[in-house]
Amino acid sequence: MKLSEILGADRVLSGPSVTSKKKALEELSALLAKGASGLASADVFNSLTGREKLGSTGLGHGVAIPHGRMAGVDTSVGAFMRLKHAVDYDAHDGNPVDLVFGLLVPQAATEAHLKHLAAIAEMFSDEAFCAKLRAAPDDRALYSLLSGYTAS
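Now for a quick tour of the structure. Since the model is a prediction, treat every value here as computed from it, not as a measurement.

1. As for the environment of A64
Assignment of secondary structure puts A64 in strand β3 (residues 63-64). Separated by 38 residues in the primary sequence, A64 and G102 place their C-alpha atoms 8.2 Å from one another. In this structure A64 touches T57, G58, L59, Y89, V97, L99, V100 and F101, once residues within four positions along its chain are discounted.

2. Some points on the packing of aromatic side chains
Tallied over the full model, the rule gives 2 aromatic pairs. An angle of 10° between the planes, with centres 6.0 Å apart, marks the rings of F80 and F124 as stacked. Remark: F124 occurs in helix α3 (residues 110-124) and F80 occurs in strand β5 (residues 77-87); sequence separation between them is 44 residues. F80 sits in the buried class, given a relative accessible area of 0%. Among the aromatic residues, those joined into a ring-pair cluster are F80, F101 and F124. Positioned above the aromatic ring of Y89, the side-chain terminus of K21 is 4.6 Å from the ring centre.

3. Topic: unusual backbone geometry
Although it is not a glycine, H61 sits at a positive phi angle of roughly 55°. By the secondary structure assignment, H61 is in the loop between β2 (58-60) and β3. Residue H61 is classed as exposed on the basis of its relative accessible area of 58%. Residues other than glycine seldom take positive phi values, yet D90 does so here, at roughly 60°.

4. Overview of the nonpolar core
Membership of the largest hydrophobic core comes to 24 residues, with the highest contact counts inside it found for L32, V44 and L104. Counting only elements with at least two residues in this core, the list comes to α1 (21-34), α2 (41-52), β5 and β6 (97-106). Counting residues per element, this core draws most heavily on α1, which supplies 6 residues. Setting aside residues no more than four positions away along its own chain, V44 makes contact with S29, L32, A33, L39, M70 and L104. Residues V63, M123, F124 and Y149 belong to the second largest nonpolar core, which totals 23 residues.

5. Topic: helix α4 (residues 127-135)
All of the buried residues in α4 are F129, C130 and L133. Along the long axis of α4, the arc covered by the buried residues comes to 100°, so they all point the same way. Projecting away from the buried face of α4 at angles above 90 degrees are the exposed residues E127, K132 and A135. For α4, the secondary structure elements touched by its buried residues are β3, β5, β6, α3 and α5 (139-148). Two or three places before A128, at the opening of α4, D126 has a side-chain oxygen 3.1 Å from that residue's backbone nitrogen.

About the criteria used
Residues numbered from 1 in each chain as written. Predicted model: local features only at pLDDT ≥ 70, side-chain atom pairs only at ≥ 80, totals over all residues. Heavy atoms only, no water. Helix = DSSP H or I, 4+ residues; strand = E, 2+ residues; numbered from the N terminus. Contact = heavy atoms within 4.5 Å. Phe/Tyr/Trp six-rings, centres within 6.5 Å; stacked < 30°, edge-to-face > 60°. Buried < 20%, exposed > 50% of the residue type's maximum accessible area, 1.4 Å probe, protein only. Lys NZ or Arg CZ within 6 Å of the ring centre and 35° of its normal. Core = buried A, V, L, I, M, F, W, Y, C linked by side-chain atoms within 4.5 Å. Arc of directions from axis to C-beta. Polar contact = N/O pair within 3.5 Å; in protein donor to acceptor, adjacent residues only side chain to side chain.

Printed below as a string of structure tokens:
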């Protein structure tokens, strides 16, 4: 899977200054809503926070992959933020999060959802790749790194 299939350059953001997990999810919801016509960022936020109530999507090592299923979404939609300052995210390792990849999938897309999540988790388990993301100078460089990554 190539991330460019689900991620547009307009949904990659470097340096938003948020102070909490909630604010990060609000910012991410606005980015994700850009990728699916007719979606309100408030509805996306409700989907993401509903999933967070089941358990944190913070993977550890400064990475989180908030995700949710939504009616009205025809295909998987991704968005990425590199936060200016890491925030407490209730991650399993207790570390704050600065790399956030959001994923929305259609309501019934169980298999596709799991495949995308697995591929994204694999990408973010690569410490060298995460270091490149943290060192990228701007949105364009981040998008170039992300869209060029091919997951199995």
